[in-house]
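Below are the chains, spelled out letter by letter.
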Amino acid sequence: MQTLLLTHIFIGLCGIVASYIVLMGLLKKEVFLRRVKTAAFFAFLAYLITWITGGGYYLNIYGPIIKPLINKGEYPWAHSFFMETKEHIFLFLPIISFVIWLALISSNEHIIKNDSLRRSIMLLAALSFAISVAVALFGVVVSGAK
Amino acid sequence: MDIHTFLIVTHIIGAVLGVGGTTFAEIFYLKALKDGVIDPMESDWLRTVSAVLRVGTVIILFSGFALVFWNVINGNSEYLYNTRLWAKLSITIIIVVNALLLHARAIPLWLGFSLSFTSWYAALILGIWSGLNASFVQIMLYYVGFVIIMGFVLDFIKKIYLKS
């Protein structure tokens, strides 16, 4: 079961790094489209895997063992606020990262010429990066509460 | 070497790469500014240093979260509410966001360089200074103070160097 948590953390971090590469790639004057598209795909894949492993860990360990400990401990808000928020805002990540990847593969070279399209995808990438960082920090808060 | 020591050593290597990278970025940038033109060789040096900084960031990110995981599975969960850890996490986020802002040219260069320089050194110092007894707010206030001071110091060094 620790493997599930380790995979969840490691793949989640890979997702954050991939989201960062997408954002950084779109910010550059010269967009390396292939690199950005590959990173966008890996971000989507990483969020899918981290969703499945996180779900498995929640069902088998967190829900039955850790959650009752946190609720009875000194920091019950770690679950009631941070875990609840983490669970809900995380759900945006696979969807947003899929939209970003889809937008990148369908717009192709247009993204280099069309500034408003590039800015829109950049905003989505910034949103997914911000959510992924927040979710990772919430994970640290929850892990420290038991 | 046990896993914990390995993770600590890796974490320190990441911080050292970051500190070295940001120091040389500043030196190469100053040298490049001397003649007013960034030639291809200087541009290549800056790109290399930038790659070292990225590698350092990725290493501290992964080794840092591996240390978090190690502490959780070994029952040291209280470590995760350590103010030094949260200051380091906040400063790492500042390093990453600062790099984005510098790329987007959305931040003045003096502030961007000062943030990068102070943040990497602060992360290294906080990592080493295990006996530090200060609140999160105190650490961050000192950090903000040093960012401003370093901004002036780096600007002063730049003016002196460019005049010489």
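These numbers were taken from a predicted model, which means no experiment stands behind them. (Residues numbered from 1 in each chain as written. Chains lettered and ligands numbered in written order. Predicted model: local features only at pLDDT ≥ 70, side-chain atom pairs only at ≥ 80, totals over all residues. Heavy atoms only, no water.)

### Comments concerning the overall build of chain B
Scanning chain B from N- to C-terminus turns up 5 helices and 0 strands. Of the regular secondary structure in chain B, the N- to C-terminal order runs α-α-α-α-α. By its C-alpha atoms, chain B is 55 × 30 × 25 Å across when sized along the principal axes. For chain B, with 164 residues in total, the buried portion stands at 40%. Long-range pairs, those at least 24 residues apart, make up 79% of the contacts in chain B with a sequence separation of at least 6. Counting only carbon and sulfur atoms, one obtains 74% of the accessible surface of chain B, whose full area is about 9,100 Å². (Helix = DSSP H or I, 4+ residues; strand = E, 2+ residues; numbered from the N terminus. Buried < 20%, exposed > 50% of the residue type's maximum accessible area, 1.4 Å probe, protein only. Contact = heavy atoms within 4.5 Å. Areas by Shrake-Rupley, 256 points an atom, 1.4 Å probe, with all protein chains shown as cover.)

### Focus on empty space enclosed by the protein
Residue and element names in this part refer to chain A. Inspection of every chain in the model, using the stated rule, returns 1 cavity of 30 Å³ or more. Estimates place the volume of the largest cavity at around 40 Å³. Lining the largest cavity are Ser19, Val22, Ala40, Ala43, Ser97, Ile100, Ala125 and Ser128. When residues of the lining of the largest cavity are traced back to their parent elements, those giving at least two are α1 (2-27), α2 (33-72), α4 (92-107) and α6 (115-143). In terms of residue class, the lining of the largest cavity is built from 5 nonpolar, 3 polar and no charged. (1 Å grid on protein atoms, 1.4 Å probe; cavity = no way out; pocket = protein on both sides within 12 Å on 5 of 7 lines; lining within 4 Å. Points joined across faces, edges and corners; volume = space filled by probe spheres on them. Nonpolar A, V, L, I, M, F, W, Y, C, P; charged D, E, K, R; others polar.)

### Comments concerning the pattern of salt bridges
Residue and element names in this part refer to chain B. Within the structure shown, the criterion is met by 1 salt bridge over all chains. One salt bridge in this structure joins Asp155 and Lys159, with 3.1 Å as the shortest N-O distance. In this pair, Asp155 and Lys159 both sit in helix α5 (residues 136-163), 4 residues apart, roughly one turn of the helix. (Salt bridge = Lys/Arg side-chain N within 4 Å of Asp/Glu carboxyl O.)

### Regarding the packing of α6(A) against helix α3 (residues 83-103) of chain B
Viewed as axis vectors pointing N to C, α6(A) and α3(B) meet at an angle of 170 degrees, and their least axial separation amounts to 12 Å. As summarised for this structure, α6(A) and α3(B) are arranged roughly antiparallel, according to the angle between their axes. Across the interface between the two elements, A:Phe129, A:Val133, A:Leu137, A:Val140 and A:Val141 of α6(A) pack against B:Leu85, B:Trp86, B:Leu89, B:Ile93, B:Val96 and B:Leu100 of α3(B). Partitioning the contact of α6(A) with α3(B) into residue classes produces 11 nonpolar, no polar and no charged. (Axes fitted to C-alpha atoms, helices over the stretch in contact; angles between N-to-C directions. Parallel < 35°, antiparallel > 145°, perpendicular 65-115°, else oblique.)

### Some details on the interface of chain B and chain A
At the interface, 19 residues of chain B touch 27 residues of chain A. Of the roughly 2,300 Å² buried between chain B and chain A, counting both surfaces, carbon and sulfur atoms make up 83%. Counting every contact that joins chain B to chain A gives 0 salt bridges. One can count 3 residue pairs in polar contact (both at pLDDT 80 or more) joining chain B with chain A. Sort the elements by how many residues they give to the side of chain B that touches chain A and α3(B) lands first, with 8 residues. (Buried area = accessible area lost by both parts, 1.4 Å probe. Polar contact = N/O pair within 3.5 Å; in protein donor to acceptor, adjacent residues only side chain to side chain.)

### Looking at the environment of B:Glu42
Residue and element names in this part refer to chain B. Examined against the element boundaries, Glu42 turns out to sit in helix α2 (residues 40-73). Here Glu42 falls in the buried class, since its relative accessible area comes to 12%. Along the primary structure Glu42 and Ile60 are separated by 18 residues, whereas in three dimensions their C-alpha atoms are 27 Å apart. Not counting the four nearest positions on each side in its chain, Glu42 is found in contact with Lys31, Ala32, Asp35 and Val37.

### Focus on the confidence of the model for chain A
Counting all residues, the mean pLDDT for chain A is 92, and 99% of those residues have values of 70 or more. Mean pLDDT across the elements of chain A ranges from a minimum in helix α5 (residues 110-113) of chain A, with 84, to a maximum in α4(A), with 95. (pLDDT = per-residue confidence, 0-100.)

### What to know about the environment of B:Val68
When you line up the elements, B:Val68 lands in helix α2. B:Val68 sits 41 residues away from B:Leu109 along the chain, and the two C-alpha atoms are 34 Å apart.

### Remarks on the layout of surface pockets
Each pocket or cavity is described by its volume, and for the second largest pocket that value is around 820 Å³. Taken together, 37 residues form the lining of the second largest pocket, with A:Leu5, A:His8, A:Gly54, A:Met83 and A:Lys86 sitting closest to its centre. If you list the elements that add at least two residues to the lining of the second largest pocket, you get α1, α2, α3 (77-90) and α6 of chain A together with α2 of chain B. Broken down by element, the lining of the second largest pocket gets its largest block of residues, 10 residues, from α2(A). Here the residues of the lining of the second largest pocket are counted per class, giving 25 nonpolar, 9 polar and 3 charged.

### A look at the packing of α3(A) against α4(A)
Packed helices, taken two at a time, are described by the angle between their axes plus the distance between the axes. All names here are of chain A. Packing of α3 against α4 brings their axes to within 5 Å, and their N-to-C directions diverge by 25 degrees. By the angle between their directions, the pair α3 and α4 is classed as roughly parallel. Of the residues in α4, those touching α3 at His88, Ile89 and Phe90 are Phe92, Leu93 and Pro94. Broken down by class, the residue content of the contact of α3 with α4 amounts to 5 nonpolar, 1 polar and no charged.

### Things to note about the nonpolar core
Counting 56 residues, the largest nonpolar core has A:Val22, A:Leu26, A:Ile100, A:Leu104 and A:Phe129 as the members making the most contacts within it. Breaking this core down by element, the ones donating at least two residues are α1, α2, α3, α4 and α6 of chain A together with α2 and α3 of chain B. Per-element accounting of this core gives the leading share, 13 residues, to α6(A). (Core = buried A, V, L, I, M, F, W, Y, C linked by side-chain atoms within 4.5 Å.)

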